[in-house]
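Structural overview
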Amino acid sequence: MAKAAGAKPAESTGKASSLTDEERAQISALSYEQARDQLTEAVQALEAGGLDLENSVRQWELGEALARRAQEVLDDVRAKLDAAQADQASAGENAGTQGNME
């Protein structure tokens, strides 16, 4: 994700960030796999070294945003699984009773 020319960095939790609002919007639209793959690239760039301080901080911020996105997707999936299990358990409790015919 290259920083757009002339784009303003986004404000996040009161701290200045090198990521733009557009970059944050792009990250929020990523699938889990896309976020994970881009996070891997950011980590590899940091581990390889050779980046100046500004680029290191940018890779770190990018990695943090990608990790948050991947976790959001996992949390959403977990919530859907939990809801489906609760529905299934509820349906099982009423199976074969008058309650499931209402």
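Bear in mind the structure is a predicted one, so any value in this text is a computation, not a measurement.

Describing the overall build of the protein chain
Scanning the protein chain from terminus to terminus reveals three helices and two strands. In sequence order, the protein chain lays out its α and β elements as β-β-α-α-α. The buried share among the 102 residues of the protein chain stands at 20%. Split by element, the accessible area of the protein chain, about 7300 Å² in all, is 52% carbon and sulfur.

Describing the pattern of salt bridges
In total, this model carries four salt bridges according to the counting rule given. Where Glu-23 meets Arg-58, a salt bridge forms, and the shortest distance between an N and an O atom there is 2.4 Å. Placement of Glu-23 in helix 1 (residues 21-28) and of Arg-58 in helix 3 (residues 53-94) is noted, with a sequence separation of 35 residues between them. As a salt-bridge pair, Arg-78 and Asp-82 come within 3.1 Å of each other at their nearest N and O atoms. Residue Arg-78 and its partner Asp-82 are located together in helix 3, separated by four residues, close to a single helical turn. In this structure Arg-78 comes out as partly exposed when scored by relative accessible area, which is 45%.

Overview of the nonpolar core
Grouped together as the largest cluster of nonpolar side chains are eight residues: Leu-19, Ile-27, Leu-30, Ala-35, Leu-62, Ala-65, Leu-66 and Ala-70. With four residues, the single largest contributor to this core is helix 3. Excluding anything up to four places from it in sequence, Ala-70 contacts Tyr-32 and Ala-35.

A closer look at helix 2 (residues 32-48)
Since one α-helical turn is 3.6 residues long, residues separated by three or four positions face the same way. With 17 residues, helix 2 should cover 24 Å at 1.5 Å per step; its first-to-last C-alpha distance of 24 Å lies within 8% of that length. Just beyond helix 2, the residue with positive phi is Gly-49, at close to 75°.

A few points about the environment of Arg-36
Inspection of the secondary structure puts Arg-36 in helix 2. Overall, Arg-36 belongs to the partly exposed group, its relative accessible area being 35%.

Thoughts on the confidence of the model for the protein chain
Atom-level detail of predicted coordinates should not be read off regions where pLDDT is low. In the predicted model, the protein chain carries a mean pLDDT of 84, and the fraction of residues at 70 or more is 77%. Predicted confidence for residues 2-14 stays below pLDDT 50, and this span has 23 contacts to residues more than four positions away or in other chains.

Observations regarding helix 3
The end-to-end C-alpha separation of helix 3 is 61 Å, in line with the 62 Å expected for 42 residues at 1.5 Å each. Those residues of helix 3 that fall on the buried side of the exposure criterion are Arg-58, Gln-59, Glu-61, Leu-62, Gly-63, Ala-65, Leu-66, Arg-69, Ala-70 and Val-73.

Reading the values: rules and limits
- Throughout, residues of each chain are indexed from 1 in the direction in which the sequence is written.
- In keeping with the predicted nature of the model, local features appear solely for residues at pLDDT of at least 70, side-chain atom pairs appear and are counted solely at 80 or more, and the whole-chain, interface and lining totals rest on all residues.
- Computation of side-chain values covers all heavy atoms of the structure but excludes hydrogens and water.
- To qualify as a helix, a DSSP run of H or I must reach at least 4 residues; to qualify as a strand, a run of E must reach at least 2; elements of each kind are numbered from the N terminus.
- Burial classes: relative accessible area under 20% of the type maximum marks a residue as buried, over 50% as exposed, and values in between as partly exposed (1.4 Å probe, protein chains only).
- Residue exposure ignores everything except the shown protein chains as possible cover, and the areas themselves are Shrake-Rupley values with a 1.4 Å probe.
- Salt bridges are identified by distance alone: a Lys or Arg side-chain nitrogen within 4 Å of an Asp or Glu carboxyl oxygen.
- Throughout, nonpolar core names a set of buried Ala, Val, Leu, Ile, Met, Phe, Trp, Tyr and Cys residues whose side chains join them through atoms within 4.5 Å.
- Any pair of residues with heavy atoms lying within 4.5 Å of one another is described as a contacting pair.
- How far a helix is expected to stretch is found by multiplying one less than its residue total by 1.5 Å.
- Per residue, pLDDT measures the predictor's confidence, with a range of 0 to 100.

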